[in-house]
Amino acid sequence: MAVLKVIELLSESSESWEDATKVGIKKASKSVKNIRSAFVQSHSVTVKNGEVDKFRVNLKISFEVE
């Protein structure tokens, strides 16, 4: 029987929400092992000079505890 833990993180990208999700998972996987899934809890953007500057996602990442 597997035991999973959930952590929450905020990731951003200048390209898209999809890219922000990929960036967050890739970065988290450098220090968190056995990532099983990610849930995008929310989307947001930062604005600079009246234009969208960054795309942000709030992720909940599940990983198996060894």
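Everything below is about the structure shown above.
Residues numbered from 1 in each chain as written. Predicted model: local features only at pLDDT ≥ 70, side-chain atom pairs only at ≥ 80, totals over all residues. Heavy atoms only, no water.

## Description of the overall build of the protein chain
Stage number 1. The number of helices and strands found in the protein chain is 1 helix and 3 strands.
Stage number 2. Each helix (α) and strand (β) of the protein chain, taken in turn from the N terminus, gives the series β-α-β-β.
Stage number 3. Taking the contacts inside the protein chain whose residues are at least 6 apart along the sequence as the reference set, 64% of them involve residues at least 24 apart.
Stage number 4. Within the structure as shown, the protein chain displays about 4900 Å² of accessible surface, and the carbon and sulfur contribution to it stands at 50%.
Stage number 5. Here the protein chain contributes 11 positively and 9 negatively charged side chains, and the mean placements of these two sets differ by 5 Å. (Helix = DSSP H or I, 4+ residues; strand = E, 2+ residues; numbered from the N terminus. Contact = heavy atoms within 4.5 Å. Areas by Shrake-Rupley, 256 points an atom, 1.4 Å probe, with all protein chains shown as cover. Lys, Arg positive; Asp, Glu negative; His and termini not counted. Charge placed at Lys NZ, Arg CZ, Asp CG, Glu CD.)

## Digging into the side chain of S62
Stage number 1. On the secondary structure map, S62 appears in strand β3 (residues 51-64).
Stage number 2. Given a relative accessible area of 14%, S62 falls into the buried group. (Buried < 20%, exposed > 50% of the residue type's maximum accessible area, 1.4 Å probe, protein only.)

## Examining the environment of E18
Stage number 1. Positionally, E18 belongs in helix α1 (residues 17-28).
Stage number 2. With a relative accessible area of 54%, E18 lands in the exposed category.
Stage number 3. When the C-alpha atoms of E18 and D53 are compared, they prove to be 15 Å apart, with 35 residues separating the residues in sequence.

## Quick look at the pattern of salt bridges
Stage number 1. Summed over the entire model, instances satisfying the criterion amount to 3 salt bridges.
Stage number 2. Across the pair E12 and R56 runs a salt bridge, and its minimum N-O distance is 3.0 Å. Residue E12 is found in strand β1 (residues 4-13), and its partner R56 is found in strand β3; the two are separated by 44 residues along the sequence.
Stage number 3. Since its relative accessible area comes to 28%, R56 is described here as partly exposed.
Stage number 4. We note a salt bridge from K22 to E18, for which the minimum N-O separation is 3.4 Å. Here the residue K22 and the residue E18 both occupy positions in helix α1, the gap between them amounting to 4 residues, near one helical turn. (Salt bridge = Lys/Arg side-chain N within 4 Å of Asp/Glu carboxyl O.)

Don't take any of this as a statement about function, it's just geometry.
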